[in-house]
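# Survey of secondary and tertiary structure
Listed here are the chains, written in short residue letters.
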Amino acid sequence: MKLLIKGGRLLDPSQGTDAQLDILVEDGKVSRIGESLQAEGAEVVQADGKLVVPGLLDIHVHLRDPGYEYKEDIVSGTRAAAAGGFTSIACMPNTNPFNDNKSVTWYIRSRAKEEGFANVFPLGSITKCLKGETLVEMGDLKEAGCVGFTDDGRPVANGEVMRRAMEYATGFGMPILSHSEDLSIVGDGVMNEGFVATELGLKGIPWVGEAAAIARDVMLAEFTGARLHICHISCRQSLDVVRAAKARGVKVTCEVTPHHFTLTEDAVRGYDTNTKVNPPLRSADDVAAMCEGLADGTIDAIATDHAPHHIDEKNVEYKIALNGLVGLESALPLTLSLVDDEVISLTRAIELLTCGPATALGIPRGTLAVGSVADIAIIDPELEWTLEAAKLTSKSKNTPFDGWQMKGAAVQTILGGKTVYQK
Ligand code: DOR
Ligand code: ZN
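Here's what I pulled together on the structure shown here. Each chain has its residues counted from 1, running along the sequence as written. Written order decides the labels, with chains lettered from A and ligands numbered from 1. Given that the model is predicted, a residue must reach a pLDDT of at least 70 before its local features are reported, and side-chain atom pairs must reach 80 or more before they are shown or counted; all residues, however, enter totals for whole chains, interfaces and linings. Working from all heavy atoms in the structure, the side-chain values ignore hydrogens and water.

Our focus in this paragraph is the nonpolar core. The biggest cluster of nonpolar side chains holds 79 residues, and the ones touching the most others in it are Phe 149, Ile 176, Ile 233 and Leu 294. We call two residues in contact whenever any of their non-hydrogen atoms come within 4.5 Å of each other. Here Phe 149 is in contact with Gly 124, Ser 125, Ile 126, Val 136, Met 138, Leu 141, Ala 169, Met 174, Pro 175, Ile 176 and Leu 177, once residues within four sequence places are set aside. Listed in part, the 16 residues of the second largest apolar core include Leu 3, Val 30, Ala 374 and Val 411. Among buried residues, the Ala, Val, Leu, Ile, Met, Phe, Trp, Tyr and Cys ones that are joined through side-chain atoms within 4.5 Å form a nonpolar core. Between buried and exposed lies partly exposed: a residue is buried under 20% and exposed over 50% of the maximum accessible area for its type, with that area taken using a 1.4 Å probe on protein chains only.

Here we take up the coordination of the zinc ion (ligand 2). On the protein side, the zinc ion (ligand 2) has Asp 152 (OD), His 179 (ND1) and His 232 (NE2) as donor atoms, found 1.9 to 2.3 Å from it. Coordination here is defined by N, O and S atoms within 2.8 Å of the metal (3.2 Å for Na, K and Ca), and since water is not considered, a site can look incomplete. Working rule for geometry: tetrahedral if four donors all subtend angles between 85 and 135 degrees; square planar for four, octahedral for six, if opposite donors exceed 155 degrees and the others stay between 65 and 115; irregular in every other situation. With four donor atoms in place around the zinc ion (ligand 2) and angles of 87 to 124° between them, the coordination shape is tetrahedral. When the donor residues of the zinc ion (ligand 2) are listed from N- to C-terminus, their spacing reads D-x26-H-x52-H. In this pair, His 179 sits in the loop between strand S12 (176–178) and helix H5 (183–186) while His 232 sits in the loop between strand S15 (228–230) and helix H8 (236–248), placing the two residues 53 residues apart along the sequence. Judged by its relative accessible area of 6%, His 179 falls in the buried class. Exposure remark for His 232: the relative accessible area of 3% places this residue in the buried category. For the purposes of this entry, the term helix denotes a DSSP run of H or I that reaches at least four residues, the term strand denotes a run of E that reaches at least two, and both are numbered from the N terminus.

Looking at the secondary structure, you find Val 287 in helix H10 (residues 284–296). For the pair Val 287 and Val 186, spaced 101 residues apart in sequence, the C-alpha to C-alpha distance is 20 Å. If we skip the residues at most four places from it in the chain, Val 287 touches His 260, Phe 261, Leu 263 and Thr 264.

Here it is in structure tokens:
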């Protein structure tokens, strides 16, 4: 089976490619890249005026399967990924049962392989049942196909446990992903600490609850030599910690979500519970810091923290609503708006959604080098559309971007040479 994508602007930051080039796919792999390619018997896709990029990679997705399929499942979640231009996702272990043993990893991988619309790379937990006490069998989980370890949703509060986790993970050549939160500081806050929280009468979460936890983990990574990835960074001070650690040569990477570089705590006015996320939406200065980090290379990846919840879990008072929002179908246009606003270049935007996250976790994707798997997104960067929550592919509709005017969308998503989404 041959597929010839003609006339598009091929943008592959992993190869330093940005030119009008055709790409030929044979047997699910990129077989040739060049000008005016011809291939007999190939299905031709005309991509004039479009961007042709490596399939996007989201390293922070809650697929909710097994256990919470009423929010999302492997089929609906990967379908939402494909609709957003993503061909690969890494999924979080806070399912039920938790992905803290190889049978859950096997289940996720086999279901994704049989019925999924994207590659799914499972992340195993660091501790059994995410309790922060007993380490998982990292060797088992690696063998079963996990690509890293995280207790995301909860921090590993005990520093000694985190130290040992890093030592073992390093022995297996695997990264630790940190959900950095000092719960003794965060307490029962529900939004960013500051004037807005006071005005709204909601309990605040100060930046130091995040930055202090990141500082500990960065130090532990420096001490153990582990590869550490910081999830959903949200404040200026956190970024300063990571920037300084990188300068010292610590093996640390970090991600930011589209909501943390787009929205401020002001979005919480009106008490829309779809703005309730963990970490919370921060101040305008923090958003500015995220943009600086994206531009100067401190931030390695844009990741969605796609966290579907049922309407009954959101249609409640702010204080008790569950944290999280769905992000797979809005990430690309929100990232491209940074390009329109001249915060980052288009190449950097695509890098942050492809080889950036791939390199951070060591996932063999995010490139269109000849011989690589033909996971491709064809993007219309000029397409204007309105996000309608009710029309999202995801099972859950918890987005704060309902009714937003968006620019840019994936018009065709190709997984291993096969079209899995077409607008
Ligand atoms: O907002 C969030 N939702 N942050 C997390 O860390 C966990 C996630 C979830 O699982 O819903
Ligand atoms: Zn988290």
